[in-house]
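Results of the structural survey
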Amino acid sequence: QVQLIESGGGLVQAGGSLRLSCAASGRTFSGYGMGWFRQAPGKEREFVAAISTGGASTYYADSVKGRFTISRDNAKNTVYLQMNSLKLEDTANYYCARLRGPTSRREVDLWGQGTQVTVSS
C-alpha cells in the first residue's frame, strides 16, 4: 500500500525557515504530480503548492508565492517544501498529497498524515 509520510515540521520564529519532506513508500512515485496543502484550526484545508511528475512545472498559492519552493527527488521518492520568510499566518498542519490527472487541477487521490508547523512572534 502506498503511504505518504511527512516530516520536518516544528516551531520556528517569524522570518525563519523550515524544510518539510514527504517520503512515499510506493513504487510509482514518479508517475504522479505531488502537492502540499495546509489546514489551520477552524479553517478549511487549502492548497499551498504542487509539482508535476518530472518537476518541470510548479504551482503556488498566492499567499506563499516567492517564499515557498516545492521540489522533488524521484530517485528518493521524496517531495520537499522549502518555507522561507515564515509568517504567523503560515501556522497550520501541513499535508503532503498525491495528485491524479494534470497537476494543475490539484485533484488529490492520497493524503499523508500531516506535520505541524507553528510560527511564533
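The preceding data block contains the structure.
Quick caveat: nothing in here was measured; it's all calculated off a predicted structure.

**A closer look at the pattern of salt bridges**
According to the stated counting rule, one finds 5 salt bridges in the structure shown. Notably, a salt bridge pairs R67 with D90, separated by 2.7 Å at the nearest N-O pair. Here the residue R67 occupies a position in the loop between β6 (58–60) and β7 (68–73), and D90 occupies one in the loop between β8 (78–83) and β9 (92–100), the gap between them amounting to 23 residues. Judged by its relative accessible area of 11%, R67 falls in the buried class.

**What about empty space enclosed by the protein?**
For the coordinates displayed, the defined rule picks out 1 cavity of 30 Å³ or more. What the largest cavity holds in volume is close to 50 Å³.

How each quantity is defined
Position numbers for residues count from 1 along each chain, tracking the sequence in the order it is written. Under the rules for a predicted model, residues below a pLDDT of 70 receive no local features and side-chain atom pairs below 80 are neither given nor counted, while totals for whole chains, interfaces and linings still include all residues. The side-chain numbers reported here are obtained from all heavy atoms of the structure, hydrogens and water having been left aside. In what follows, salt bridge is the name for a side-chain nitrogen of Lys or Arg lying within 4 Å of a carboxyl oxygen of Asp or Glu. In this description a helix means any DSSP run of H or I spanning at least four residues, a strand means any run of E spanning at least two, and both kinds are numbered starting from the N terminus. The buried label applies to any residue whose accessible area, calculated with a 1.4 Å probe on protein chains only, is under 20% of its type's maximum; exposed applies above 50%, and partly exposed to all values in between. Definitions used throughout: a 1 Å grid over protein atoms alone; a cavity as a set of points that fits a 1.4 Å probe which cannot get out; a pocket as an open set with protein on both sides within 12 Å along at least five of seven lines; a lining residue as one with an atom within 4 Å of a point. Grid points are joined across faces, edges and corners, and a volume is the space filled by probe spheres set on the points.

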